[in-house]
Amino acid sequence: MLVLGVESSCDETGVALYDSAHGLLAHALYSQIAMHADYGGVVPELASRDHIRRVLPLTRQVLAESGRTLADLGGVAYTQGPGLAGALLVGAGMARALAYALGIPAVGVHHLEGHLLSPLISDTPPEFPFVALLVSGGHTQLMLVSGVGRYTLLGETLDDAAGEAFDKTAQLLGLGYPGGPALSKLAATGDADRFKLPRPMLNSGDFDFSFSGLKTAVLTLVRKQGLAQAADIAAAFQAAAVEVLVSKSLAACQHSGATRLVVAGGVGANAQLRERLTREAAARGIEVFYPRLEFCTDNGAMIAYAGAQRLAHANRDLTFAVKPRWELATLDAV
Ligand code: KG4
Ligand code: ZN
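Residues numbered from 1 in each chain as written. Chains lettered and ligands numbered in written order. Predicted model: local features only at pLDDT ≥ 70, side-chain atom pairs only at ≥ 80, totals over all residues. Heavy atoms only, no water.

**Points about the pattern of salt bridges**
Two side chains bearing opposite charge may form a pair once their charged atoms approach each other closely. Counted by the stated rule, this structure contains 14 salt bridges. One salt bridge in this structure joins K168 and E164, with 3.0 Å as the shortest N-O distance. A residue pair is termed a helical-turn pair when its members lie 3 or 4 positions apart in one helix, as K168 and E164 do in helix α5 (residues 162–172) at four residues. Taking the relative accessible area as the measure of exposure, E164 reaches 24% and is therefore partly exposed. (Salt bridge = Lys/Arg side-chain N within 4 Å of Asp/Glu carboxyl O. Helix = DSSP H or I, 4+ residues; strand = E, 2+ residues; numbered from the N terminus. Buried < 20%, exposed > 50% of the residue type's maximum accessible area, 1.4 Å probe, protein only.)

Next comes the structure, spelled out in structure tokens:
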């Protein structure tokens, strides 16, 4: 089945075509980063308006690139949430309208499921089960993944997400938005051993995280040392964040007996995280899988892929469920 995937939950419009028989055919992305940069963060109303401008040209682009037409589509997948309401509505409205006009099914995809399954868009995908470290701008979770839709939460952040910590630290160091890539570039020129920052919850004995204290420690350091030391401070922050992420991920694998670890979400693009995780996991007999670099951050391919899995399952599933207990108040409004 040929599935069109549409991602519009935040500041990137992503559109892709995934074919269940032939894999990913085409994907296109428009990033609004330059537009939001003047404001130091995402402006929701501007994001929504820009998604409207981009979504149809990107759809035409992926169809043209793969030599397909709308008539070839078997389904449409879109990000249903979580995300910015207005931005989500653009993708959802376009996808639902298109599916209705073509008489094909539409499916709303959970944005994080998209990230979680993105390493499976590969010629050598990991087999189930695996532990997934989901590190995006809004979420930090360790998940045991036994199949599509079979997710057990092992631990998560109690406050800031990992990407949020990178972004806020970058802001403290005067690096602008989005902070993660800029911070890791600066950190590469710094000395990670000059300043020692805390490793929050490293030995808490569970799989939860906390990053807000680390951010406060950076603030204190910046006040004391000044921005002239920004590279060393960035390196110290990155070393602390990476150590906690690596240590907890490997502990989660050990705890669940998993020999495969998947890293997903924007922070998964971080070179130091990749390098340390791969090295330390190998020493424990754990194989680490990463999405293609371009699929670490938001994209349409992961939504098309997750949607294709869900649509394939829905089509094959000939069972039906009755609801012996069914609260009237839980019905969807029409
Ligand atoms: O997954 P994503 O594109 O969006 C969300 O769903 O949140 O992740 C974006 C986050 C941002 O916080 C960004 O700063 C971070 O991922 N990020 C990085 C890197 N590239 C993106 N953080 C650290 N190092 C990077 N190389
Ligand atoms: Zn995301």
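That covers the picture; the talk isn't over yet.
**Here's the deal with the domain arrangement of the chain**
As far as domains go, the chain holds domain 1 (2–117 + 295–330) and domain 2 (128–290). For domain 1 versus domain 2, the distance between C-alpha centres works out to 28 Å. Contacts between the two partners involve 17 residues from domain 1 and, on the opposite side, 21 residues from domain 2. Roughly 1400 Å² is buried in total at the junction of domain 1 and domain 2, and carbon and sulfur atoms are behind 74% of that figure. When the buried surface of domain 1 facing domain 2 is broken down by residue, L112, L116 and C296 rank first, second and third, together holding 46% of it. The interface formed by domain 1 and domain 2 contains zero salt bridges. Linking domain 1 with domain 2 are two residue pairs in polar contact (both at pLDDT 80 or more). Among the elements of the structure, α1 (33–37), α4 (111–117) and α10 (300–316) are those that each provide at least two residues to the side of domain 1 that touches domain 2. No other element matches the five residues that α4 contributes to the side of domain 1 that touches domain 2. (Domains from an automatic or database assignment. Contact = heavy atoms within 4.5 Å. Buried area = accessible area lost by both parts, 1.4 Å probe. Polar contact = N/O pair within 3.5 Å; in protein donor to acceptor, adjacent residues only side chain to side chain.)

**Notes on the sheet that holds strand β5 (residues 106–110)**
Spatially, the five strands line up as an open sheet ordered β3-β2-β1-β4-β5, and their pairing is mixed. Of all the strands in the sheet, the pair left with one neighbour each is β3 (23–31) and β5. Neighbour to neighbour, the strand axes of the sheet diverge by 20° on average, direction disregarded. Here strand β1 (residues 2–7) runs beside strand β4 (residues 75–81); their pairing, made up of four bridges, is parallel. In the strand pairing of β4, V3 is matched with G75. Against the sheet, helix α2 (residues 44–65) touches β1, β2 (12–19) and β3, its axis set at about 25° to β2. This element, helix α3 (residues 85–102), spans β1, β4 and β5 of the sheet and lies at about 155° to β4. (Pairing = 2+ DSSP bridges. Axes fitted to C-alpha atoms, helices over the stretch in contact; angles between N-to-C directions.)

**Topic: the nonpolar core**
Counting residues in each nonpolar core, the largest one holds 47 residues, and the members touching the most others are V131, L142, L197, F211, F237, L245 and L261. The set of elements that each furnish at least two residues to this core consists of β6 (130–135), β7 (140–147), α5, α6 (179–187), α7 (212–225), α8 (230–256), β9 (260–264) and α9 (271–283). The element best represented in this core is α8, accounting for 15 residues. (Core = buried A, V, L, I, M, F, W, Y, C linked by side-chain atoms within 4.5 Å.)

**Things to note about the coordination of the zinc ion (ligand 2)**
Protein coordination at the zinc ion (ligand 2) comes from H111 (NE2), H115 (NE2) and D298 (OD), with a distance range of 2.0 to 2.1 Å. Every donor counted, the four donor atoms about the zinc ion (ligand 2) form angles of 95 to 134° at the centre, which fits tetrahedral coordination. (Donors = N, O, S within 2.8 Å, 3.2 Å for Na, K, Ca; no water. Tetrahedral: all angles 85-135°; square planar, octahedral: opposite > 155°, others 65-115°.)

**Here's the deal with the packing of α6 against α8**
Contact geometry of α6 with α8 gives a least axis separation of 7 Å together with a crossing angle of 110°. In terms of their interaxial angle, α6 and α8 are classed as roughly perpendicular. You can see that α6 and α8 cross each other, and the crossing is left-handed. Only A230, A231, A234, A235, F237 and Q238 of α8 make contact with α6, whose side of the interface consists of L183, S184, L186 and A187. Looking at the contact of α6 with α8 residue by residue, the class counts come to eight nonpolar, two polar and no charged. (Parallel < 35°, antiparallel > 145°, perpendicular 65-115°, else oblique. Left-handed = near helix turned anticlockwise from the far one by under 90°. Nonpolar A, V, L, I, M, F, W, Y, C, P; charged D, E, K, R; others polar.)

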